[in-house]
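Spelled out, the chains give:
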Amino acid sequence: MPYTVMPYRSRRPSRARPTRTRLLLTALLLFAAALGLGPLGTQSASAASNLVKNPGLEILDAASQFPQCFEKSGWGDNDFSFTVTDDAHSGGRAVRIQLTRRGDGDRKTMMLENSCAPQVTPDHQYDLSFWYKSTTPNVAFTLFRHDTAQGWVYWTDLKTLPQAAGWTRTEVRTPVIPPNTDRVTWGGALYGVGTLTTDDYAMTDATVPAGPDPCTTGGTGPECRGKWTVQSVNSPVRAIHSVLLHTGKVLLIAGSGNDRDAFAAGTFKTSLFDPATGGYTNIPTPEDFFCAGHVQLPDGRVLVVGGNKDYASPDGSVGYKGLRTSYIFDPAQNKYVRVNDMLAGHWYPSATTMGNGDVIALGGLGEDSSGTVVNEHFSYAQNKWLPMGEAKQAWSFWGLYPSMILLQDGRLFYTGSHVFGGGLPGTGASVYDYNAGTISEVPGLRKKDERDQSMSVLLPPAQDQKVLTMGGGNHTVAPDALRFTDLIDMKADSPQYVAGPDLPQGHYSDGTPQTGAQGKVYLSAVILPDGKVLETGGALHTYREDPVFEASLYDPATHTFQAGLATDPVPRTYHSSSTLLPDGRVLSVGDNPGDGSFDQRVSIYQPPYLFKGARPQITSLASTRWTYGTTQRITVDKPVVKASLIRPAAVTHSSDPNQRYVDLPMTVDGNTIDLSLTSNPNLAPPGWYMLSVVDATGVPSVSKWVRIGSEGQVAAARVQSFADELKASEPDTGSTGGTGSTGSMSGMAHGSAHRHPGVKMAEGYDGCDHAYGRISQCVPWTFPKMPQAERCTWLLAKGYGRLEVHGRDRHRLDRNKDGIACGKGDVTRR
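What counts as what
- Residues numbered from 1 in each chain as written.
- Predicted model: local features only at pLDDT ≥ 70, side-chain atom pairs only at ≥ 80, totals over all residues.
- Heavy atoms only, no water.
- Helix = DSSP H or I, 4+ residues; strand = E, 2+ residues; numbered from the N terminus.
- Buried < 20%, exposed > 50% of the residue type's maximum accessible area, 1.4 Å probe, protein only.
- Contact = heavy atoms within 4.5 Å.
- Areas by Shrake-Rupley, 256 points an atom, 1.4 Å probe, with all protein chains shown as cover.
- Pairing = 2+ DSSP bridges.
- Axes fitted to C-alpha atoms, helices over the stretch in contact; angles between N-to-C directions.
- Disulfide = S-S within 2.5 Å.
- Salt bridge = Lys/Arg side-chain N within 4 Å of Asp/Glu carboxyl O.
- Phe/Tyr/Trp six-rings, centres within 6.5 Å; stacked < 30°, edge-to-face > 60°.
- Core = buried A, V, L, I, M, F, W, Y, C linked by side-chain atoms within 4.5 Å.
- Polar contact = N/O pair within 3.5 Å; in protein donor to acceptor, adjacent residues only side chain to side chain.
- 1 Å grid on protein atoms, 1.4 Å probe; cavity = no way out; pocket = protein on both sides within 12 Å on 5 of 7 lines; lining within 4 Å.
- Points joined across faces, edges and corners; volume = space filled by probe spheres on them.
- pLDDT = per-residue confidence, 0-100.
- Lys, Arg positive; Asp, Glu negative; His and termini not counted.

## A look at the overall build of the protein chain
Inference 1: Within the protein chain, the secondary structure is distributed over 4 helices and 53 strands.
Inference 2: The buried share of the protein chain, taken over its 830 residues, is 61%.
Inference 3: The long-range share in the protein chain, meaning contacts at least 24 apart out of those at least 6 apart in sequence, stands at 65%.
Inference 4: Only carbon and sulfur atoms are counted for the fraction: they give 51% of the accessible area of the protein chain, which is about 29,100 Å².

Listed below in structure tokens is the structure:
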């Protein structure tokens, strides 16, 4: 179970010096100069370009006898000591840290957060190095930055250092310096019992000058906008789900494909698409995986969670039902293999991979059509779903396809993105500690009841722990989808959503531009290897109508959208998805309008970076099996500025909570590069990832596949604090009675505000138009063939009665516009 830590600023009092202390420090520096030590600015550096002051730790503060421009830093419950020792790499001084007991936290030698901290320039990168000896592998190369708006903030851990009995040099290249950053401070952090000795710090600017960008001066070619191509062969299935396999092929799952006739006939489909050849392979599909959950397992197999047990009846007497069964797709055999059944049925569930490779699945509708409140826990080691008593329960209804993102301390962040209807009670977003059973509300999400089929993304890099939630709608509340984006920094002391930049606007099928507050629902967001996010597709309404043709690139570094990209010529609304391919292209499939049709054309997007010259290549890879906390060597054919791992997609309904981009800090020696993999499996859950490098012009390589965590962990996970000031509540588990005559556990939801009760029919679930009537009524999306004026007569004959209109009257049932459908003035008289 992950430990809990306090917010970072409260645990590092030595770094927040009062004015009086700063004046004293200045006086001591002058005193040192009077003793003949000389000002820091005149000390000879180890290299002309070294930006570190007092890099050899030779000049001591007269009062503290600790190296000038450095400080004793750290936090947490531990017993420690700092010693200036003559056991140095060069010169006569080094600093040794010793931990004799550790409950949590760390101790580190860091540069002071004042003019001693090296200055940096946004968009540049820097090579940082020091010499060290250690008796433990629990040492991290950690980095802080000074933001001109936020002050000093923890930035990232650059690498985990191996144990070293003799003096060893470690070097790493920073990520690109973010905007508004003017200084950094860094050093080695000891977070295990043992000793760490450091000496001879160095920092140099490693930036490769980039040429002018033609896209900033009016360029409109593919190097600025990208290019879409519609494939000549349609998908053979109505692809509801897209999963990229580590073979490079894409699993397109349809099940019944939202086709009642196919369901009745027992015709369930899956196809395997090969982007290299454009060919398809049909896969026998044992059950209806329409609207199942799915997730990658550490070995590359795909766990499929539930699916559709039965469609809803047109008269609303029977709702959609979730399957209790579960299967694994094995790419080695191209077949589904059944595993044991889950505790409850799930239709529209989410599934999130945890740091140990296990999977937590929750949400959706159960076997009795009510909201499922039962958590499911799949043990990767045992290859099975755990029984009740081992799968931990909060007895909360999380909605349908709730976006549950794994955070760096092992908790789950429910972002507020979901499918159908309004948001959950309270603020609409929360942090769920699965192990402790507590739920902490997260404030700030705007219009939380209008985030149906919005999309949430853990922004690049995962180490930053920032999440962006984009778009969404709810036709029972407002007619049009939102332009909103909301951003949250989960490493902040008290995380809360803040307003982000509005989504760029596009045009409709007839060329009419979007105006005002018109936004998008059903949008896709895809993390790209250059660290940006492609957003594409979508529609104005949650009626699966009015597709929006628009695409843009979101840059997490600048928090801005680059609008005006080329747009997919195929409408992408309900049941559409987009997936990054290993060669850097993006695959888009699906469109299921309200008339029940399905567009089976397939589009592939070439982002602008594929039109900006020759691509760098990874020419060799020492290993494809990577262990946490290790350094991995690659060679490239030209200079590159960053490297990353991207987890392959498993996306449906604007939902892929496992999508993530993990930064790999680099140590560069010509074309040989050592990459540092995080020691924290919560940042990079075990499994297959796409490894790519990017050159100075932003062009990425073709990806190589590597498997993370296959050999187990070699270093303790280094976890930073956040969200501790959120008030956590433990759900009341006093009542666990099931709902319905079947005795299903899916309806167990009572008590506190965090125990969201299930409903017999979720608002807007597929097949019913909940712009009319009560939640328990199912006005069909499509009527039998009849004159439009006779639809109310048909509904009245089925026992519907008068229906309140909650949104847009798409069926023209409220002919006299009084807000009541099929009322006295709306019925055709014979």
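## Quick word on the sheet that holds strand E37 (residues 560-562)
Inference 1: Read across the sheet, 4 strands follow the order E34-E35-E36-E37 without closing on themselves; strand pairing throughout is antiparallel. With one partner strand each, in any of the chains shown, strand E34 (524-527) and E37 form the two edges of the open sheet. Taken pair by pair, the neighbouring strands of this sheet meet at an average axis angle of 30°, ignoring direction.
Inference 2: Both strand E35 (residues 533-536) and strand E36 (residues 551-555) contribute to a ladder of 4 bridges, which runs antiparallel. Bridge pairing in E36 places Val533 opposite Tyr554.

## Here's the deal with the state of the cysteines
Inference 1: By the definition in use, this model includes 3 disulfides.
Inference 2: Across the disulfide, Cys792 is cross-linked to Cys822 (sulfur-sulfur distance 2.2 Å). Here the S-S torsion is close to -85°, and the disulfide linking Cys792 with Cys822 is therefore left-handed. Here Cys792, found in helix H4 (residues 791-797), pairs with Cys822, found in the segment after strand E53 (820-821); they are 30 residues apart in sequence, far enough to count as distant.
Inference 3: Given a relative accessible area of 3%, Cys822 falls into the buried group.

## Things to note about the sheet that holds strand E51 (residues 728-729)
Sheet strands line up and pair through hydrogen bonds in the backbone, either parallel or antiparallel.
Inference 1: The strand order across the open sheet built from 5 strands is E26-E27-E28-E29-E51, with neighbouring strands paired in antiparallel fashion. Here the strands that pair on one side only, and so sit at the sheet edges, are strand E26 (404-406) and E51.
Inference 2: Bridging between E26 and strand E27 (residues 412-414) involves 3 bridges; their strand directions are antiparallel. Across the sheet, residue Ile405 finds its bridge partner in E27, namely Phe413.

## Re the pattern of salt bridges
Side chains that differ in charge, positive against negative, can pair when their charged atoms come close.
Inference 1: Applying the stated criterion to the full structure yields 23 salt bridges.
Inference 2: The partner of Arg169 in a salt bridge is Glu171, with the nearest N and O atoms 2.6 Å apart.
Inference 3: On the basis of relative accessible area, Arg169 is assigned to the partly exposed category, the value being 44%.
Inference 4: For Glu171, a relative accessible area of 12% puts it in the buried group.

## Focus on the environment of Ser256
Inference 1: With respect to the helices and strands, the residue Ser256 is situated in the loop between strand E13 (250-255) and helix H3 (260-265).
Inference 2: Each C-alpha atom, one on Ser256 and one on Cys291, is 9.5 Å from the other, the two residues being 35 residues apart in sequence.
Inference 3: Beyond its immediate chain neighbours, meaning those up to four positions away, Ser256 contacts Ala262, Phe263, Thr267, Phe268, Asp288, Phe290, Asn308 and Tyr311.

## Overview of the packing of aromatic side chains
What describes a pair of aromatic rings is the distance from one ring centre to the other and the angle between the planes of the rings.
Inference 1: Inspection of every chain in the model, using the stated rule, returns 32 aromatic pairs.
Inference 2: Taking the centre distance of 5.6 Å and the plane angle of 50° together, the rings of Trp186 and Tyr201 count as tilted. Of the two residues, Trp186 sits in strand E9 (residues 181-190) while Tyr201 sits in strand E10 (residues 194-205), which places them 15 residues apart along the sequence. Each of the two residues, Trp186 as well as Tyr201, counts as buried.

## Comments concerning the environment of Met203
Inference 1: Counting through the fold element by element, Met203 comes out in strand E10.
Inference 2: With 30 residues separating them in the primary sequence, Met203 and Arg173 have C-alpha atoms 9.5 Å apart.
Inference 3: The contact partners of Met203, leaving out residues within four places of it in the chain, are Ser49, Asn50, Leu51, Val52, Pro118, Gln119, Val120, Tyr126, Asp127, Leu128, Val184 and Trp186.

## Concerning the nonpolar core
In a soluble, globular protein the nonpolar side chains are often hidden away together inside.
Inference 1: Met470, Leu528, Leu534, Leu580 and Leu587 are the most contacted members of the largest nonpolar core, which has 44 residues in total.
Inference 2: Within the second largest apolar cluster, 42 residues are counted, among which are Cys291, Val373, Leu412 and Phe420.

## Remarks on the environment of Ile634
Inference 1: The topology assignment puts Ile634 in strand E43 (residues 631-636).
Inference 2: In the structure, Ile634 is positioned 40 residues away from Asp674 in sequence and 6.4 Å away in space, judged by C-alpha atoms.
Inference 3: Look past the residues within four positions of Ile634 in its chain and what remains in contact with it is Ile618, Ser620, Leu621, Asn671, Thr672, Ile673, Leu675, Leu691 and Val693.

## A word on the pairing of E10
Inference 1: Of all the 12 residues making up E10, 10 are buried; the element is thus mostly covered by neighbouring parts of the structure.
Inference 2: Sheet topology places strand E3 (residues 94-102) next to E10; 5 bridges connect them, and they run antiparallel. By the bridge assignment, Val95 is partnered in E10 with Thr198.
Inference 3: Sheet topology note: the strand E5 (residues 126-134)/E10 ladder contains 8 bridges and is antiparallel. Its bridge partner being in E10, Leu128 is matched across the sheet by Met203.

## Description of the side chain of Asn50
Inference 1: Relative to the helices and strands, Asn50 is located in the loop between helix H1 (19-34) and strand E1 (70-75).
Inference 2: Within the local environment of Asn50, its side chain forms a polar contact with the backbone nitrogen of Met203, the two atoms lying 2.9 Å apart.

## Points about empty space enclosed by the protein
Rolled over the atoms, a probe sized like a water molecule indicates the empty space that remains.
Inference 1: With the rule as written, the count across this model stands at 12 cavities of 30 Å³ or more.
Inference 2: Approximately 200 Å³ is the volume attributed to the largest cavity.
Inference 3: Lining the largest cavity are 21 residues, with Tyr154, Asp157, Gln463, Thr678 and Leu683 sitting closest to its centre.

## A word on the confidence of the model for the protein chain
Inference 1: This prediction gives the protein chain a mean pLDDT of 87; 86% of its residues lie at or above 70.
Inference 2: Note on residues 1-48: pLDDT is under 50 here. Beyond four places in sequence and across chains, it has 82 contacts.

## Here's the deal with the side chain of Asp433
Inference 1: Along the chain, the position of Asp433 falls in strand E28 (residues 430-433).
Inference 2: Of the side chains bearing the opposite charge, Arg411 lies closest to the buried Asp433, which forms no salt bridge; the N-O distance is 4.9 Å.
Inference 3: Here Asn435 takes part through its backbone nitrogen, which lies 3.2 Å from a polar atom of the side chain of Asp433.
Inference 4: Within the structure, Asp433 has its side chain in polar contact with the backbone nitrogen of Ala436 (distance 3.0 Å).

## Points about unusual backbone geometry
Inference 1: Cis geometry is found at the peptide bond from Pro460 to Pro461, where omega equals -15°.
Inference 2: Among the secondary structure elements, Pro461 is positioned in the loop between strand E30 (455-458) and strand E31 (466-470).
Inference 3: The phi angle at Asp546 is positive, at roughly 55°, despite the residue not being glycine.
Inference 4: Here Asp546 shows up in the loop between E35 and E36.
Inference 5: Exposure remark for Asp546: the relative accessible area of 30% places this residue in the partly exposed category.

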